[in-house]
Amino acid sequence: MADPTEERVPTVVVDDAHVVYKVHGSPASGTGSPIASLKRLVTRTKMANIREVHAIKGISFVAYKGEAIGLVGSNGSGKSTLLRAIAGLMPAERGAVYAAGQPSLLGVNAVLMNDLSGERNVMLGCLAMGMSPADAKAKVKEIVDFSGINERGEFSTMPMRTYSSGMAARLRFSISAAKKHDVLLIDEALATGDARFRRRSEQRIRDLRADAGTVFLVSHSDSTIRDTCERSIWLESGVIRADGPTEDVLKEYATFMSK
Amino acid sequence: MPQTAVADSGTGIPLKELAARHGLHSAAALPSLPAYFREIWAYRHFITAYSAARITSSFGQTRLGTLWQVMTPILNAAVYYLIFGVLLNTKGGDVSNFIAYLCTGVFLFGFTQTVTQAGISSIHGNLGLIRALHFPRAALPISILLIELRNMTASMTVLFIIVLATGEPLTVEWLLVPLILACLATFNCGLALFGARLGSKLTDIRQLVPFFIRVWMYGSAVLYPVQRFTDHLHGWKLWLIEANPMLVYIELMRHSLMENVKLASPVSQLWIEAGVWAALMFSVGIVYFWRGEKGYGRG
């Protein structure tokens, strides 16, 4: 337990951030003909097949060292976009996001290539996180062992396309968790593994936090959030609906969802 | 575990000041150009590993695997031999060894063509990767260049064999080949960087590229002797053709590999143009790309 009187060190400061991104393709019906396109050009109306999504609408909060923060909200509420904004992968259109070091997002589709073996993907993932080739090589076995993909035969030398979705997700989590991050952002990765792997990954998150990092966790599983985070933020349509101790926020969220 | 109170900073300090006080920096701040170069250098191992992985995975489902790297240029050359050597029996005129002359142009131009095409979609086609991982975005167009450079090495080997087999002597001037390739690769690197940002903003540009490439190819005297231009063009039209960077690189390569090749401009002028084009295109490409660095995740 930290001394509450001691000054807490912020690691992520989000100051009235707005995130807007563009979606190409998927035109609305009835706008697909060449004449409709020409009409749009002549009348200078907005292109129907490029739509802007205002995913985050003015969010402010401060995250401190040693915290694990759960992000909850219905589908499309902006949770993943918020993580990307914190990681600097999708810059804020207005407002600002400040962070200590380089926050690192444990995403669902990282560098991993389906035609390459698991081992080579691990190597590539480590290099993408900025490790030196020597460090990466030394980590390969540890990561493969942690992911447990070799428990059912020598899968680490097989192409990733032969993996089940659970195995691939475990490998991705293991790669990201291999490096110590000041700020680690996790996007629903824990929900994919089996019960044994989930226990192991929760332990790994606790270890990472013990190294004085900050962890953000997006999950639809209440129990995962409850087990790992003591603070939670509830997002709905890009704005914060509640921010506080996990129990209170989850209760409010549950009432909202059951309506 | 630390107790967490409610979210606000509790101290009443403006958030911007709080961030500055604790040395946090904005994730969206653009690094300086030298810092960007250092960042790219720090990620060099990732860039090489990524290009190697892309090559392996692109041949991953084929039986012959990376053997295709060599097979593709050989087949290309065979097609041109069939059409121009056997069917049209192109001989004499301005060029004595037409097959070698043609293959030099086709292989060199093919290098630029694939880099341009792949470079334009290198950002747009990798949005998933860009939104998942932090790395200098220039790594993507640069790895495109490395992939094509490796394919080019295979093509050059085939080209050497063709040139020697068609009766050209091995001369000291062959030593200039790596230098020409280095200039061309630098030029193409700038082109890939420039195209990558352009293609990420204007997705329509991809539809126009094939037309642009075709005009460029016909203007680079790839399929016919350069005298077709120099014999009857004057003034700004001739100047435009002679300044074409691809024509410069192709002419230099032909001059180094073959005897009795008539050039459109003197060799010394070609060398100056080759260097200037490489430096110019690379600087324009890297600066233009770097200025967009933080916005690529937006799509």
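In this text, all values refer to a predicted model and were calculated from it rather than measured experimentally.

A.B. asks: How would you summarise the packing of helix α12 (residues 245–257) of chain B against helix α13 (residues 267–291) of chain B if you had to cite specific residues and measurements?
C.D. replies: All names here are of chain B. Viewed as axis vectors pointing N to C, α12 and α13 meet at an angle of 130°, and their least axial separation amounts to 9 Å. In this view, α12 runs oblique relative to α13, as classed from their interaxial angle. Viewed along their axes, α12 and α13 form a crossing whose handedness is left-handed. Residues Pro245, Val248, Tyr249, Glu251, Leu252 and His255 of α12 form the contact with α13, whose participating residues are Val267, Leu270, Glu273, Ala274 and Trp277. In terms of residue class, the contact of α12 with α13 is built from eight nonpolar, one polar and two charged.

A.B. asks: Describe the sheet that holds strand β5 (residues 104–106) of chain A, and please don't skip the residues or the numbers.
C.D. replies: Residue and element names in this part refer to chain A. The strand order across the open sheet built from six strands is β5-β6-β7-β3-β8-β9, with neighbouring strands paired in mixed fashion. Only two strands of the sheet have a single neighbouring strand rather than two, namely β5 and β9 (239–245). On average, each strand axis in the sheet is inclined to that of its neighbour by 20°, with strand direction left out of account. Judged from the five bridges that link them, strand β6 (residues 183–187) and strand β7 (residues 214–218) form a sheet pairing that is parallel. Residue Asp187 lies in a different strand from β7, and its bridge partner there is Val218. Strand contacts of helix α2 (residues 79–86): β3 (68–72), β5, β6, β7 and β8 (231–236), with the helix running at about 155° to β7, the strand carrying the most contacts.

A.B. asks: Lay out the interface of chain A and chain B in plain terms, naming residues and giving numbers.
C.D. replies: Counting from both sides, the interface comprises 51 residues of chain A and, opposite them, 41 residues of chain B. For the side of chain A that touches chain B, the secondary structure elements donating two or more residues are β1 (10–24), β2 (50–64), β4 (94–99), β5, α3 (118–128) and β9 of chain A. With seven residues, the single largest contributor to the side of chain A that touches chain B is β1 of chain A. Across the side of chain A that touches chain B, the residue classes tally to 31 nonpolar, eleven polar and nine charged.

A.B. asks: Residues and numbers for helix α4 (residues 68–87) of chain B, please.
C.D. replies: The end-to-end C-alpha separation of α4 of chain B is 26 Å, in line with the 28 Å expected for 20 residues at 1.5 Å each. Along its length, α4 of chain B shows its largest kink, about 30°, at Tyr81 of chain B.

Calculation notes
Residues numbered from 1 in each chain as written. Chains lettered and ligands numbered in written order. Predicted model: local features only at pLDDT ≥ 70, side-chain atom pairs only at ≥ 80, totals over all residues. Axes fitted to C-alpha atoms, helices over the stretch in contact; angles between N-to-C directions. Helix = DSSP H or I, 4+ residues; strand = E, 2+ residues; numbered from the N terminus. Parallel < 35°, antiparallel > 145°, perpendicular 65-115°, else oblique. Left-handed = near helix turned anticlockwise from the far one by under 90°. Contact = placed C-beta atoms within 7 Å. Nonpolar A, V, L, I, M, F, W, Y, C, P; charged D, E, K, R; others polar. Pairing = 2+ DSSP bridges. Expected span 1.5 Å × (residues − 1). Bend = angle between axes of the 7 residues up to and from the residue.

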